[in-house]
Amino acid sequence: LLPLVSFLIGASSQEEFLVEISGTTVTVTCPVDEDEDIQWELSGKTQDTKSRKFTIKDHDSSPANLSCSSGNTKHQLYLNAKVCATCEELDALIVAGIITADLLITLGVLILVYYFSKGRKGRASSAGDSRPRGPKMQRPPPVPNPDYEPIRKGQREVYAGLAPRAI
């Protein structure tokens, strides 16, 4: 019943930090309710910011222990944020547009290949083959494989020892 009541009044039973990353700037919001007298501590050093939001400019992507406290309540966060100075931010609409365009281009290439290869099924190629083709042409007999020659009459005694023996 307590989680349901806390959900209805807006307070969560598990408070979480809000971390925002933009370029090399990391902004962390403390999960306390009041906005006054908040102490921030970054890797053991007390910071002089008193608001709920703490901004780390030119973050070097190294892991850090961050904590905020208000009165006797202390919240801790292990910050392992990867930042990039030259990265571009993409929203979900741009990513969806790129994927849709890629699928449409692939589908277009597939349709073009299908229609251009459709008419070539019955045609014979004229490159490299100048012999006449048609129903009157006969195939030559297959070349016998020397490994599988039939046994000649005079050589039967060579293979006579291979006959099954009685036990």
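In this convention, every chain numbers its residues from 1, walking through the sequence in written order. Residues qualify for local features only when their pLDDT is at least 70, as the model is predicted, and side-chain atom pairs are given and counted only at 80 or more; totals for whole chains, interfaces and linings, by contrast, use all residues. Only heavy atoms go into the side-chain values, all of them from the structure, while hydrogens and water stay out.

Caption draft 1: Layout of the overall build of the protein. Starting at the N terminus, helices and strands are each numbered in turn, a helix being any DSSP run of H or I of at least four residues and a strand any DSSP run of E of at least two. For the protein, the helix and strand inventory stands at two helices and seven strands. Helices (α) and strands (β) of the protein occur, in sequence order from the N terminus, as α-β-β-β-β-β-β-β-α. For the protein, with 167 residues in total, the buried portion stands at 17%. Considering only contacts within the protein whose residues lie at least 6 apart along the sequence, 46% involve residues at least 24 apart. Whether a residue is buried, partly exposed or exposed follows from its accessible area with a 1.4 Å probe, protein chains only, as a fraction of its type maximum: under 20%, in between, or over 50%, in that order. Throughout, a residue-residue contact means that at least one pair of heavy atoms, one from each residue, lies within 4.5 Å.

Caption draft 2: Highlighting the UniProt feature "transmembrane region" (unreviewed entry) in the protein. UniProt positions are given in the numbering used here, feature names are shortened, and annotations may be inferred rather than shown by experiment. The sites that UniProt annotates as "transmembrane region" (unreviewed entry) are residues 92–116. The span residues 92–116 is 100% helix and 0% strand, and its two end C-alpha atoms sit 37 Å from each other.

Caption draft 3: Region of the structure containing the sheet that holds strand 6 (residues 64–70). Two strands pair if DSSP finds at least two bridges between them. Ordered in space as 4-3-6-7, the four strands form an open sheet in which the pairing is antiparallel. Strands with a single pairing partner mark the edges of an open sheet, and in this sheet they are strand 4 (45–47) and strand 7 (73–79). Adjacent strand axes in the sheet meet at a mean angle of 25°, parallel and antiparallel pairs treated alike. Each axis is a line fitted through C-alpha atoms, taken for helices only over the stretch in contact, and angles between the N-to-C directions span 0 to 180 degrees.

Caption draft 4: The arrangement of the state of the cysteines in detail. Defined by distance alone, a disulfide is two cysteine sulfur atoms within 2.5 Å. Considering all chains together, one arrives at one disulfide under this definition. Here C30 engages in a disulfide with C68; their sulfurs sit 1.8 Å apart. Negative torsions about the S-S bond denote left-handed disulfides, and the value of about 70° found for C30 with C68 makes this one right-handed. Of the two residues, C30 is situated in the loop between strand 2 (25–29) and strand 3 (39–42) and C68 in strand 6; the sequence distance between them amounts to 38 residues. A single burial state applies to C30 and to C68, both of which are buried.

Caption draft 5: Unusual backbone geometry, seen in detail. Although it is not a glycine, D58 sits at a positive phi angle of roughly 55°. Topologically, D58 is positioned in the loop between strand 5 (53–56) and strand 6. Non-glycine residue S61 carries a positive phi angle of around 65°. With respect to the element layout, S61 can be found in the loop between strand 5 and strand 6.

Caption draft 6: Molecular detail of a nonpolar patch on the surface. On the surface, a nonpolar cluster with roughly 560 Å² of combined accessible area is contributed by L90, I94, V95, I98, I99 and L103. For I98, the position within the fold is in helix 2 (residues 92–118). Candidates for patches are residues over 30% relative accessible area with no salt bridge; among them, like charges are joined within 9 Å and nonpolar side chains (Val, Leu, Ile, Met, Phe, Trp, Tyr) within 5 Å. Using the Shrake-Rupley algorithm and a 1.4 Å probe, accessible areas are obtained, with residue cover drawn only from the displayed protein chains. By salt bridge we mean one thing: a side-chain nitrogen of Lys or Arg within 4 Å of a carboxyl oxygen of Asp or Glu.

Caption draft 7: Structural detail: a negative patch on the surface. On the surface, E15, D33, E34 and D37 cluster together into a patch of negative charge. The exposure class assigned to D33 is exposed, which follows from its relative accessible area of 67%. In this charge count, Lys and Arg are treated as positive and Asp and Glu as negative; neither His nor the chain ends contribute. For charged residues, the charge sits on one atom: NZ in Lys, CZ in Arg, CG in Asp, CD in Glu.

Caption draft 8: Highlighting the confidence of the model for the protein. By definition, pLDDT measures how confident the predictor is in each residue, and it falls between 0 and 100. For the protein, per-residue confidence averages 75 on the pLDDT scale, and 69% of positions sit at 70 or higher. By mean pLDDT, the top-scoring element of the protein is helix 2 (94), and the lowest-scoring one is helix 1 (residues 2–9) (35). Confidence over residues 1–13 falls short of pLDDT 50; this stretch has two contacts with residues more than four positions distant or in other chains.

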